[in-house]
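Fold and geometry: a report
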Amino acid sequence: MMTKSPELLLPAGSPEVLKTAVIFGADAIYIGGEAYGLRAKAKNFTMDEMAEGICFAHEHGVKVYVTANVLAHDEDLRGAEQYFGELKDIRPDALIISDPGLFLTAREHCPEIPVHISTQANNLNYKTFHFWHQLGASRVVTGRELSLTEIREIREQIPDGLEIETFVHGAMCISYSGRCLLSNYLAGRDANRGSCAHPCRWSYAVMEETRPGEYMPLYENERGTFLFSSKDLCMV
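Now for a quick tour of the structure. The numbers attached to residues start from 1 for each chain and follow its sequence in the written order. Totals for whole chains, interfaces and linings use all residues, but because this is a predicted model, local features are given only for residues with pLDDT of at least 70 and pairs of side-chain atoms are given and counted only at 80 or more. Computation of side-chain values covers all heavy atoms of the structure but excludes hydrogens and water.

In this scheme, strands are said to pair when DSSP sees at least two bridges between them. By definition, any uninterrupted DSSP run of H or I lasting at least four residues is a helix, any uninterrupted run of E lasting at least two residues is a strand, and each is numbered from the N terminus. In spatial order, the strands read β1-β2-β3-β4-β5-β6-β7; together these seven strands make up an open sheet with parallel pairing. Looking at strand neighbours, the two that pair on one side only are β1 (9–11) and β7 (163–165), the edges of this open sheet. Strand-to-strand, the axes of this sheet are offset by a mean angle of 30°, without reference to chain direction. Any two residues whose heavy atoms approach within 4.5 Å at even a single point are treated as in contact. Only the stretch in contact is used when a helix axis is fitted, and all axes are lines through C-alpha atoms; the angle between N-to-C directions ranges over 0 to 180 degrees. With respect to the sheet, helix α2 (residues 47–59) is in contact with β2 (28–32) and β3 (63–68), its orientation differing from that of β3 by roughly 150°. Running over the sheet, helix α5 (residues 100–109) touches β3, β4 (94–97) and β5 (115–117) and is turned about 160° from β4.

Next up, the structure:
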C-alpha cells in the first residue's frame, strides 16, 4: 500500500482566518463562496477574495479547496454553470461537492479542477468510494460516523490513488452525516442548503403527556442540558 504523510486541512470563514491558518502551518484550507456552500450564514468569500486567498496560499505552498456541498434543488442549479466557470478562472486546488447534479456540472465546466466528495454525501463503505472514484473524484471524505477501524478497512479496499479525508475534531450533527430536517421544520431554515439554525443545540425539557407543565429534572453539565446535541468529535 502506498503511504503518504497526512494533510492538515483547516476551514477558513474569512480572508483573515485563511491567512492565519496558512501562516501557522496548515497544509490546505477549505473555504466557501457566496453560493452553494453549507455555511451560508458565515461571512464567506467573494470571488475576488477567493482569488486573493488562493494566490496568497499558493505563494506559501498551501492548497485551497472550495466547498459547493449543498444538496441542490432545481433552483439551486440555476447559475451553477457560471459559478463553476468563474472558479475555473481562479484555479482552486479542488472543489468539495456532495450533490450528484453539482458534481456533473463541475465536471462539465471545469474538468481540470479535482473534485472531492463531501462528508455530506454519506460515504460509509468502500463500494461508495469506488462509485465516486469511477466517476472521476480524486478524494472522498468519510462520514463522520465511522470509527478508525472502519476507515482503515475502507482504505484497504480502495485504490491507492484515491485519497481519504476524515474529520478529526468538531461538531457532530444529531442527524446522519449532517442531513438534518429539524432546522427546516422549527425555523424554516434548510440545513441541507447551508442555513442551519442549529436547533439540536437549543435547550429542551422533557414533559410527560398526562402531566402538562411538569418538567422532569434533567442535568447535563454547568452549561446546561442539551438533549439533541451530540458530543463533539474527537478522533485524536
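Read on, since the account is not over.
What follows covers a nonpolar patch on the surface. A cluster of nonpolar residues, Ile174, Val206, Met216, Leu218, Leu227 and Phe228, forms a patch on the protein surface that exposes about 460 Å² of accessible area. In this fold, Leu218 is placed in the loop between β10 (215–216) and β11 (233–234). Within the patch definition used here, like charges are joined within 9 Å and nonpolar side chains (Val, Leu, Ile, Met, Phe, Trp, Tyr) within 5 Å, considering only residues with over 30% relative accessible area and no salt bridge. Using the Shrake-Rupley algorithm and a 1.4 Å probe, accessible areas are obtained, with residue cover drawn only from the displayed protein chains. Take a side-chain nitrogen of Lys or Arg and a carboxyl oxygen of Asp or Glu: if they are within 4 Å of each other, that pair is a salt bridge.

Backbone geometry at Arg91 places phi at a positive 60°, although glycine is not the residue there. Within the secondary structure layout, Arg91 lies in the loop between α4 (80–90) and β4. The classification of residues rests on relative accessible area computed with a 1.4 Å probe and restricted to protein chains. Under 20% of the type maximum is buried, over 50% is exposed, and intermediate values are partly exposed. In this structure Arg91 comes out as partly exposed when scored by relative accessible area, which is 46%. In the Ramachandran plot, Asn122 falls in the positive-phi region, its phi being about 60° despite a non-glycine side chain. In this fold, Asn122 is placed in the loop between β5 and α6 (126–135).

A word on the environment of Gly32. By secondary structure assignment, the location of Gly32 is in strand β2. We classify Gly32 as buried; its relative accessible area is 8%. On a C-alpha basis, the gap between Gly32 and Pro11 in space is 8.9 Å, while along the polypeptide they are 21 residues apart. With residues up to four places along the chain from it excluded, the contact list for Gly32 reads Asn44, Phe45 and Thr67.

Let's shift gears to the pairing of β2. The element β2 is extensively covered by neighbouring structure, given that five of its five residues are classed as buried. Direction of pairing for β1 relative to β2: parallel, over a ladder of three bridges. When the bridges of β2 are listed, Leu9 appears paired with Ala28. As paired strands, β2 and β3 are joined by five bridges and run parallel to one another. Bridging across to β3, Ala28 finds its partner in Lys63.

Let's shift gears to the packing of helix α1 (residues 15–23) against α2. Where α1 contacts α2, the axes come no closer than 10 Å and their chain directions differ by 10°. The pairing of α1 with α2 is recorded here as roughly parallel in orientation. Between α1 and α2, the residues in contact are Pro15, Leu18, Lys19, Val22 and Ile23 and Glu49, Glu52, Gly53, Phe56 and Ala57, respectively. Asp, Glu, Lys and Arg are counted as charged, while Ala, Val, Leu, Ile, Met, Phe, Trp, Tyr, Cys and Pro are counted as nonpolar; the rest, among them Gly, fall into the polar class. For the contact of α1 with α2, the class distribution of residues is six nonpolar, one polar and three charged. Roughly parallel means an angle under 35 degrees; roughly antiparallel, over 145; roughly perpendicular, 65 to 115; everything else is oblique.

On inspection of all chains with the given rule, the structure shows six salt bridges. Note that Glu52 is salt-bridged to Lys19, the shortest N-O span being 3.5 Å. Remark: Lys19 occurs in helix α1 and Glu52 occurs in helix α2; sequence separation between them is 33 residues. For Glu52, a relative accessible area of 47% puts it in the partly exposed group. Its relative accessible area of 31% is what places Lys19 among the partly exposed residues.

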